[in-house]
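Structural features, examined
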Amino acid sequence: MQFARGFKKDCDSIVVNLRAELGVEDSMPIDMDRLGAYLEIPISSIGEHVETLGLDPESECVSEIYKKTSALTWFVRHRRHFLYNERHSAPRHRSNLAHEFAHALLGHPPEAELSREHLRLIENEAKWLGGVLMLSTTEAHRIVSRGLSHQEVIDRHLLSKEMLTYRINVSGAGKRRRGDFEGFRDLPGPAPEGHGRRVSRPY
Ligand SMILES: [Zn+2]
């Protein structure tokens, strides 16, 4: 299933409007905790739940949860809640949450209600919008046209190399001066998502 016509432009608009509402310029990363508060989505870590439930953090069951979970959304009635794996690196944690925020901003329903094909579509939509939340299309173009260094961009936007490469490539910015991102060219972009069930993510 393909994206609906205009979907990518709509994602750019969603992020432009969101950044304006939050007062965060394109050249700065979005604070995911602040975004959660703004959208009134409670966010908690696996560790918090393990502690509340009095589980043994070293148990096989808990280890398995950490291994299989990046972040996920669950619903209490119609209200979204996010759960995240606090053991992931900061850039990966941010992109995990960005992916869940993308589901929320696109109004995606709980996955149990969806066919496999529809599920694949909404995962791809969330992957796309999650990427735009991490680095806007305009900013991707600005970075390439100004020839900013990889590390400078990674540090400023709190991105992984893989996410930077992915956004530069899919935004079309990389076509302008691909040489600037030579070192990243062969790295894989983020893999298609399994909603909240990823065993591993490349970023
Ligand atoms: Zn998802």
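Residues numbered from 1 in each chain as written. Predicted model: local features only at pLDDT ≥ 70, side-chain atom pairs only at ≥ 80, totals over all residues.

The subject of this paragraph is the overall build of the protein. For the protein, the count of helices and strands is 9 helices and 3 strands. Listing the helices and strands of the protein from first to last along the sequence gives α-α-β-α-α-β-β-α-α-α-α-α. Of the contacts formed within the protein by residues at least 6 apart in sequence, a portion of 68% connects residues at least 24 apart. (Helix = DSSP H or I, 4+ residues; strand = E, 2+ residues; numbered from the N terminus. Contact = placed C-beta atoms within 7 Å.)

Here the focus is the sheet that holds strand S3 (residues 79-84). Strand order across the open sheet formed by 3 strands is S1-S3-S2, with mixed pairing between neighbours. Each of the sheet's edge strands pairs with one partner strand only, and the pair in question is strand S1 (43-45) and strand S2 (71-76). Neighbouring strand axes in the sheet, compared pairwise and without regard to direction, differ in orientation by 30° on average. Note that S1 and S3 share 3 bridges and pair parallel. Directly across from isoleucine 43, in S3, lies its bridge partner phenylalanine 82. (Pairing = 2+ DSSP bridges. Axes fitted to C-alpha atoms, helices over the stretch in contact; angles between N-to-C directions.)

In this structure, histidine 88 sits in the loop between S3 and helix H5 (90-105). Given 18 C-beta atoms within a 10 Å radius, histidine 88 is considered partly exposed. Measuring from C-alpha to C-alpha, the distance between histidine 88 and threonine 69 comes to 9.9 Å, with 19 residues separating the pair along the chain. Not counting residues up to four positions away in its chain, the partners in contact with histidine 88 are Ser70, His93 and Asn96. (Buried ≥ 20, exposed ≤ 12 C-beta atoms within 10 Å, placed from the backbone.)

The next subject is the pairing of S2. Two strands pair when backbone bridges link them, and S2 and S3 are joined in this way by 6 bridges, in the antiparallel orientation. Looking at the pairing, valine 76 lines up with arginine 79 of S3.

For H5, which comprises 16 residues, the first-to-last C-alpha distance of 22 Å matches the rise-based estimate of 22 Å (1.5 Å per residue) to within 8%. For H5, a buried count of 13 out of 16 residues is recorded, marking the element as mostly surrounded by other parts of the structure. (Expected span 1.5 Å × (residues − 1).)

Counting 34 residues, the largest nonpolar core has Leu97, Ala98, Phe101, Ala102, Leu129 and Leu133 as the members making the most contacts within it. For this core, the secondary-structure elements that each account for two or more residues are helix H1 (7-22), helix H2 (32-38), S2, S3, H5, helix H6 (116-134), helix H7 (137-146) and helix H9 (161-170). Broken down by element, the residue count for this core peaks at 6 residues, all from H6. Those residues in contact with alanine 98 that sit more than four places away from it in its chain are Met32, Gly130, Leu133 and Met134. (Core = buried A, V, L, I, M, F, W, Y, C linked by C-beta atoms within 7 Å.)

Turning our attention to the packing of H1 against H6. Relative to each other, H1 and H6 sit at 40°, their axes nearing to 9 Å. It follows from the interaxial angle that H1 and H6 lie oblique. By crossing handedness, the relation of H1 to H6 is classed as right-handed. On H6, the residues that touch Phe7, Lys8, Cys11, Asp12, Ile14 and Val15 of H1 are Glu125, Trp128, Leu129, Val132 and Leu133. (Parallel < 35°, antiparallel > 145°, perpendicular 65-115°, else oblique. Left-handed = near helix turned anticlockwise from the far one by under 90°.)

Here the protein averages 87 in pLDDT, while 86% of its residues score no lower than 70. In the predicted structure, residues 191-203 sits below a pLDDT of 50 and forms 35 contacts with residues beyond four places in sequence or in another chain. (pLDDT = per-residue confidence, 0-100.)

With that out of the way, let us pick up unusual backbone geometry. Positive phi, close to 55°, is recorded for arginine 77, a residue that is not glycine. For arginine 77, the location among the structural elements is in the loop between S2 and S3. With phi around 55°, leucine 158 is a residue other than glycine that occupies positive phi space. Its place among the elements puts leucine 158 in the loop between helix H8 (150-157) and H9. Among the residues examined, leucine 158 registers 19 C-beta atoms within 10 Å and is labelled partly exposed.

Moving on: the environment of valine 24. Examined against the element boundaries, valine 24 turns out to sit in the loop between H1 and H2. If near-sequence neighbours (up to four positions away) are discounted, valine 24 is found in contact with Arg19 and Ile30.

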